[in-house]
Amino acid sequence: MSLLELDGVKVHFPVRKGLLFNRTVGHVYAVDGISLKVEAGQTYGLVGESGCGKTTLGRAVLRLVDVTDGSVVLDGTDVAKLPEKELRTFRRRLQMVFQDPLGSLNPRQNIESILSEGMAAHGIGADQDERRERIRDILAKVGLPSNALSRYPHEFSGGQRQRIGIARALVLEPDLIICDEPVSALDVSIQAQVINLLEELQESMGLTYLVIAHDLAVVRHISDVIGVMYLGSLVEEAPSDALYEEPLHPYTRALMSAVPVPDPEVEDRRERILLHGDLPSPANPPSGCRFHTRCPWAQPKCAEERPELTDAGGGHKVACHFTGEIKAGTLRRAGEPEPSAAPEPSAPAKTVPPQAPAPEAETPEAEASEGSSGEGKPGAKAPGAKASGEK
Amino acid sequence: MSLLTVDELTVTFGGRGRKDVRAVNGVSFSVDQGQIVGLVGESGCGKSVTSLALMGLLPSKGVTLGGRAELDGTDLLSLRPSKMRDLRGREMAMIFQDPLSSLNPVIPIGVQVTEILQRHRGMKGEAARKEAAHLLDRVGIPDPDRRLKEFPHQLSGGMRQRALIAMAVACAPRLLIADEPTTALDVTIQAQILDLLKELVDQEGTALLMITHDLGVVAGLCDQVNVLYAGKVVESAGRRELFAHPTHPYTHGLLGSIPRLDAPRGEPLHPIRGSINDQIAWADGCAFAPRCDRYEMECLTGTPELTEPRAAGHRARCANPVLATTEVPA
């Protein structure tokens, strides 16, 4: 059984208007029906652009926002339906590492106080001495000196502050750590330190992470399974390598082609899929497939029917009506130039139907005259043209 | 001759009895017509202060400028404020990181764009409005006539950045400085904006000074790259040369720190140890030495010079540069 199972999770925020009656005039569909599973000891990466609902989903797992519909089951317990009192004690098992390391640490508390507060609240350690011992242990694990205990957050650099945030989550021995943009506020050289630390800790302590980030390269680096979110729902979910090797959803493909790679050779020759326009408002999402307004492959069906997340083989799930066609190249995207190698299989599929009887008419002629196929084709077309002229 | 020549630029913040802080410590580079030059570095390396100094946007009090910066022969550092105002927007323009705080929230976009046209090109009324609509259209904003009447908050992030670019190119400046123009944007929008900038440079022959922390952006965009560390250029080369053979240990370390989308999974990152706070003054040696795995005693005796240890035109400021290409980033 998976450690964390989300089933049809929806988080809708009401939009209210009016002073007296507070009428609800609509909803912001921040998270709109997400189901996923996080296995123990693994890392699940949730990636998407700003406004796609990934942070709201993370907060819903911790129940920092209330879930409108669906269930969030951690190890057999539905967090979404837990009574307030039990939720408090249950939260020890779910911890979060926030994006802004300075904003998430109280500037007036020293490190010992910050780290022991949660332990005291959850009754971990008999007295302060015992807690201090444990905190020292964890600080060493995250690579901070033990003299950090009596210092304050402003005395540390950004990377060190993020280590404190990680230590704060670790001291409670949680089952699941939710990392919301854990490295996006840090400089590149520091980012790598924190990413490596998260990976080392996972290896030595058997941690389970739900990593929420906008940077596909970071997510791919640390995740076992990646879920791609667009406008409140998952459009694709796959093991990290499978997603990179063969992105199936048009949005994932566009996202991947937009991530800059620090290598001019790669930059110069890669295919770019430029998306036009901006993310639609989650208060008024498009009908059918949420992505159809920006999708270069969009078909009339996409605006009418919302695709379900279905398995395309090997645990690679995708929510798109035309996965097969796009993969085979029979459906071309708007404005795409004729590919030089691909048209052989795709072009006949489109152009054959009007000439369908042609091969049958062609074969006897070709056999009789021993003509090449180039000569045969005009001959085969001619009778068709005559027939239509006679009618 | 280069359009913009910056020679040993220094910017020192001081005053009020505080210790002086030298944010930019002798930066030299040049930008040619139609060329895209990158200034790359992490926070605190002095890349933004360099751009502000060039644009004359630093406060006059408490700041000491040194060195030389010339735009086509005009000395930018000693220019009188009124002359600088004539130059700014017309000859050189800047695109900032945060499009929302760079636009006035209580004035419609149209007024903000036409203001530049009135100030520098003497256009008035309907002609200015038409030109403004044309500019918005040029940078890919759909329905420009309607957008001109709207306020900044009604536009999306990408749209605002486009509006800023429209304002920057309104007078066809010869030099465009873009300070982290895509950092606040999502990757798909970033790709749109970078495409637009590239197109403007190709078509108008504008010179672009691109300031960014993102080596990925640099790899796809810049012709020439300058890597800054602690207020000095530590490495400078053409982009292909730089990415194929990073010679300074800092550049080498930066490239080893970035998780690459196309790298095989499970390959560990090689971060640079310590943080930017662990540095020594350039006067005493190499500022990067405390974080460097290759430092020797030599690195702690005086400022290393920019030399060409590898190839002509590829300069690095290091006493013990990385020369073998097969070396694992340290």
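Residues numbered from 1 in each chain as written. Chains lettered and ligands numbered in written order. Predicted model: local features only at pLDDT ≥ 70, side-chain atom pairs only at ≥ 80, totals over all residues. Heavy atoms only, no water.

What to know about unusual backbone geometry
Thinking step 1. Even without glycine at this site, Leu231(A) takes up a positive phi of about 50°.
Thinking step 2. Positionally, Leu231(A) belongs in the loop between β9 (225–230) and β10 (233–239).
Thinking step 3. Note on Leu231(A): relative accessible area 1%, which makes it buried.
Thinking step 4. Despite not being glycine, Asp72(B) has its phi angle at roughly 50°, a positive value. (Helix = DSSP H or I, 4+ residues; strand = E, 2+ residues; numbered from the N terminus. Buried < 20%, exposed > 50% of the residue type's maximum accessible area, 1.4 Å probe, protein only.)

So, the interface of chain B and chain A
Thinking step 1. The interface is formed by 43 residues belonging to chain B together with 42 residues belonging to chain A.
Thinking step 2. Both faces considered, chain B and chain A share a buried interface measuring about 3,800 Å² in area, 56% of it formed by carbon and sulfur atoms.
Thinking step 3. Sorting the residues of chain B by area buried against chain A places Thr188(B), Leu261(B) and Arg265(B) first, and these three jointly supply 22% of that buried surface.
Thinking step 4. At the surface where chain B touches chain A, the tally comes to four salt bridges.
Thinking step 5. Between Arg260(B) and Asp263(A) there is a salt bridge whose closest N-O contact spans 3.4 Å.
Thinking step 6. One can count 16 residue pairs in polar contact (both at pLDDT 80 or more) joining chain B with chain A.
Thinking step 7. Mapped onto the side of chain B that touches chain A, the elements with two or more residues apiece are α8 (187–204), α9 (215–221), α10 (239–244) and α11 (249–257) of chain B.
Thinking step 8. The biggest single contributor to the side of chain B that touches chain A is α8(B), with seven residues.
Thinking step 9. Broken down by class, the residue content of the side of chain B that touches chain A amounts to 19 nonpolar, twelve polar and twelve charged. (Contact = heavy atoms within 4.5 Å. Buried area = accessible area lost by both parts, 1.4 Å probe. Salt bridge = Lys/Arg side-chain N within 4 Å of Asp/Glu carboxyl O. Polar contact = N/O pair within 3.5 Å; in protein donor to acceptor, adjacent residues only side chain to side chain. Nonpolar A, V, L, I, M, F, W, Y, C, P; charged D, E, K, R; others polar.)

Quick notes on the UniProt feature "domain: ABC transporter" (unreviewed entry) in chain A
Thinking step 1. Under the UniProt annotation, "domain: ABC transporter" (unreviewed entry) lies at residues 15–256 of chain A.
Thinking step 2. Each end of residues 15–256 of chain A is marked by a C-alpha atom, and these two atoms are 34 Å apart; helix forms 38% of the span and strand 24%. (UniProt positions renumbered as here; feature names shortened; annotations may be inferred.)

Observations concerning the packing of helix α3 (residues 111–121) of chain A against helix α5 (residues 158–170) of chain A
Residues and elements named next belong to chain A.
Thinking step 1. Remark: α3 packs on α5, axes separated minimally by 8 Å, with the N-to-C direction vectors making an angle of 30°. In terms of orientation, α3 lies roughly parallel with respect to α5. Seen along the crossing, α3 lies across α5 with a hand that is right-handed. Here Ile-111, Ile-114 and Leu-115 of α3 come into contact with α5, specifically with Ile-164, Ala-167 and Arg-168.
Thinking step 2. In terms of residue class, the contact of α3 with α5 is built from five nonpolar, no polar and one charged. (Axes fitted to C-alpha atoms, helices over the stretch in contact; angles between N-to-C directions. Parallel < 35°, antiparallel > 145°, perpendicular 65-115°, else oblique. Left-handed = near helix turned anticlockwise from the far one by under 90°.)

Brief notes about the pairing of β9(A)
Residue and element names in this part refer to chain A.
Thinking step 1. Where burial is concerned, most of β9 is hidden: five out of the six residues are buried.
Thinking step 2. In this sheet, β9 lies alongside strand β3 (residues 43–47) in parallel orientation, the contact comprising four bridges. Residue Gly-45 lies in a different strand from β9, and its bridge partner there is Ile-226.
Thinking step 3. Relative to β10, β9 runs antiparallel, the two sharing six bridges. Paired with Tyr-230 across the strands is Ser-233, a residue of β10. (Pairing = 2+ DSSP bridges.)

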